[in-house]
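# Report on the structure
Chain by chain, the residues run as shown.
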Amino acid sequence: MGDVCDEVISWACLMYTTIIGIHQKNGPHTKHPSAEDKQSQDDNVVQLLGATISAINATKELVPIDLAKGILGTITNILTVAQSVLKNKSDFLGIIKKCATIRNVLERATKDATEDDLQGSLGNALSELNISVNRINSEVASKKEHRFLHRLFSITIDRDQIAEWEKDLDRLVALFNFEAIVGISIDMKKLTSELKGNAPAINVPQHHLIEPPSRPSMFYGRNSLVAELTNLVVNLNNEHLALIGPGGIGKSSIVKAILHEPVITEKFADRRYFVTYDGLDPSTITFQTFMTRFSGALGMEPAGADPVRQITSFLRSASALVVLDNAETFEEAGGSLALREIPSAIAEIADVPGVTLILMSRSRRNAPNVQWITKDIPPLDSSSALKAFSQIYRPASRENAEGGIANLLQDLEYHPLSINLLANAAQQNGWSPAILLERWKDRHSAVLDHGEGKLQSLSYTMQLSLSSPSIQKLGEEARHVLAVIAFLPQGLNEVLSKRILPSTLQIDNICDVLWRQSLVYRQGGFVKMLAPIRHYVRDSLPPPDSTVGNFLEPLQWCDIAIDIEMSVPRHHVVFQSVRIFDNHYYVLLISA
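Parameters at a glance
- Residues numbered from 1 in each chain as written.
- Predicted model: local features only at pLDDT ≥ 70, side-chain atom pairs only at ≥ 80, totals over all residues.
- Heavy atoms only, no water.
- Pairing = 2+ DSSP bridges.
- Helix = DSSP H or I, 4+ residues; strand = E, 2+ residues; numbered from the N terminus.
- Buried < 20%, exposed > 50% of the residue type's maximum accessible area, 1.4 Å probe, protein only.
- Polar contact = N/O pair within 3.5 Å; in protein donor to acceptor, adjacent residues only side chain to side chain.
- Axes fitted to C-alpha atoms, helices over the stretch in contact; angles between N-to-C directions.
- Left-handed = near helix turned anticlockwise from the far one by under 90°.
- Contact = heavy atoms within 4.5 Å.
- Nonpolar A, V, L, I, M, F, W, Y, C, P; charged D, E, K, R; others polar.
- pLDDT = per-residue confidence, 0-100.
- Phe/Tyr/Trp six-rings, centres within 6.5 Å; stacked < 30°, edge-to-face > 60°.
- Salt bridge = Lys/Arg side-chain N within 4 Å of Asp/Glu carboxyl O.

## Points about the sheet that holds strand β9 (residues 521-523)
If you trace the 3 strands from one edge of the open sheet to the other, you get β8-β10-β9, paired in antiparallel fashion. Because the sheet does not close on itself, it has two edges, and the strands there are β8 (492-493) and β9. Of the pairings in the sheet, the one linking β8 to strand β10 (residues 526-528) comprises 2 bridges and is antiparallel in character. When the bridges of β10 are listed, N493 appears paired with F526.

Shown next, in the form of structure tokens:
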């Protein structure tokens, strides 16, 4: 029953024998092992706990008796507390072995059994075992509660108490007379040999600890948002968090900060995992690539087939926070097989009790069958934008901030990546504030490209969005609509969009896709763009053709002075003529 869990527990038993061998080698008179040896021993015990918990969870899914499932779940809770908060983990070796024995016993004793079999000796033995493990679990839980109330980093359980638990479990295991209960003959010597770790080495899942990425050193204006999202994460109940926003808005930085919040480290300890899908082509990503990235971020090396099952078994051992960064890569997967398998794998992982997912994406096409709470990430506020800018570009002093620099940051709509790129360009080139403003006036979005990769180039991060399969599928019409939206200072009026672009038959669908890809946003009935995206589109895509000039033909013209206050700064365009309707100005026939 369950080759995977048999392999895992065999590996656990081998580890147990190894650790016991180290104890025996040190001898009874070795009172003060070196700090290095003790750390190595503790690391081995942590791995043994993880392997044993994973094997018990796997068996729990396979046994046919609900009472046995409950017992295994309680045992998992006991070992999880030992793994996460127990200081004297080495003293728990005996308990780990007893729990491994119980796992093996319950697997064999309940094989092919039904609920009707609980009327006899099997039911009596399971009931007594259930009472005992629940008592131990309550006593361990009370220790954990004491730790929480007194804000202790770890707890120590008295060795005499642990020894008493071991004796109780030994007595209960003896109740399971296999021949009397299930009428089968078992070679007990073979069973004992396996439990002592004499089974041959088997290819089993390996695991090593992976540290989450550090908190960003330059991180401004997000404290309130981080606090809000952190509170949300720790209180999620069978729900998961999706953070949505355009490239460069700061999604990854925000989550990296959340990972190091005290309440997050308190709840999830060293089970905070950051899975990134950066650098992959969404049109060619496969299910295997998706799972390899996922398991690697967990520190796992899956063995054999069915990696999803191995990952879910591993995650069941304790509460875990799993971050999926650059999720648009697999959400936009072009391969039909990947489109079927990846969402179902995410849903299966999301269903694991104690697992919380945080997904960051430019796309709103999040995995179905998962209870997502979606949050849109806003730009910075003006003061935080200035602080971030001046930390890189020192000449941005307070007096400059009150003039051209402040206007420049406002012109970028406080987009974090654009602010960072512009500050670095000015600093690296030694521009004075006056030269910086002149460069921006002359070159616009080209100033925001001074390297390769999405962290050094606005055009690179924009191309990632424009090359997504959803956008590519729309063809040239999508780029044409983008150009029109960028062309109109107030954005595209959705109610009038079909009159404005009568030849674009799928205008509604295009606007929906652009919104789902975070290339535009909706406000007051208009489809709009963040300023950096608008600048890029204007600078890199062909302008709208002359047909757009006729979009208000039935409406009255109004001649308006060139110096009228418009939503687009005057130094960007030369106004040749303007049309007005619905109290909104629209620039026509403009040139850069």
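## Thoughts on the side chain of E107
One can find E107 in helix α4 (residues 93-109). Taking the relative accessible area as the measure of exposure, E107 reaches 7% and is therefore buried. Here the side chain of E107 touches R103 through a polar contact of 2.9 Å, side chain to side chain.

## Some words on the packing of helix α9 (residues 223-234) against helix α10 (residues 251-258)
At a minimum axis distance of 10 Å, the contact between α9 and α10 shows a crossing angle of 60 degrees. The interaxial crossing formed by α9 with α10 has right-handed handedness. Counting all contacts with α9, which are made through L225, V226, L229 and T230, the residues of α10 involved are I254, A257 and I258. Each residue belonging to the contact of α9 with α10 can be placed in one class, and the counts come to 6 nonpolar, 1 polar and no charged.

## Comments concerning the sheet that holds strand β6 (residues 355-361)
Here 5 strands make up an open sheet; going across it, the order is β3-β5-β6-β2-β7 and the pairing parallel. Of all strands in the sheet, those with a lone pairing partner are β3 (272-276) and β7 (372-376), marking the two edges. Pairwise comparison of adjacent strand axes, ignoring direction, gives a mean angle of 15 degrees for this sheet. When strand β5 (residues 320-325) meets β6, the two strands line up parallel, connected through 5 bridges. Bridged to A320 within β6 is V355. Seen against the sheet, helix α12 (residues 287-297) touches β3 and β5 and runs at an angle of roughly 150 degrees to β3.

## Structural notes on the confidence of the model for the protein chain
Chain-level pLDDT for the protein chain is 76 on average; 72% of the residues reach the 70-or-more range. With pLDDT under 50 throughout, residues 148-153 is counted as low confidence; its partners more than four residues away or in other chains account for 4 contacts. Between residues 177-204, whose pLDDT stays under 50, and residues either more than four places distant or in other chains, the model counts 44 contacts.

## Points about the pairing of β3
Most of β3 sits out of view: 4 of its 5 residues are buried. In this structure, β3 lies alongside β5, joined through 5 bridges in parallel fashion. Directly across from F274, in β5, lies its bridge partner V323.

## Here's the deal with the packing of aromatic side chains
In the structure shown here, the tally under the stated rule is 6 aromatic pairs. When the ring of F290 is compared with that of F294, the centres are 6.1 Å apart and the planes differ by 50 degrees; the resulting orientation is tilted. Of the two residues, F290 and F294 are both situated in helix α12; the distance of 4 residues between them amounts to about one turn of the helix. F290 gets classed as buried once you look at its relative accessible area, which sits at 0%. Residue F294 is classed as buried on the basis of its relative accessible area of 1%.

## Observations regarding the pattern of salt bridges
Applying the stated criterion to the full structure yields 13 salt bridges. Put simply, R316 and E61 hold a salt bridge, and the shortest N to O gap is 3.7 Å. Of the two residues, R316 is situated in the loop between α13 (307-315) and β5 and E61 in helix α2 (residues 35-62); the sequence distance between them amounts to 255 residues. For R316, a relative accessible area of 26% puts it in the partly exposed group. For the salt bridge of E494 with R522, the shortest nitrogen-to-oxygen distance reads 2.8 Å. Of this pair, E494 sits in the loop between β8 and α24 (497-500) while R522 is found in strand β9, placing the two residues 28 residues apart along the sequence. Since its relative accessible area comes to 33%, R522 is described here as partly exposed.

## So, the pairing of β6
Judged by how many residues are buried, β6 sits mostly within the fold: 7 of 7 residues are covered. Side chains V355, L357, L359 and S361 project from β6 onto one buried face, and the interleaved T356, I358 and M360 project onto a second face that is buried too. Bridging between strand β2 (residues 240-244) and β6 involves 4 bridges; their strand directions are parallel. Residue L243 lies in a different strand from β6, and its bridge partner there is M360.

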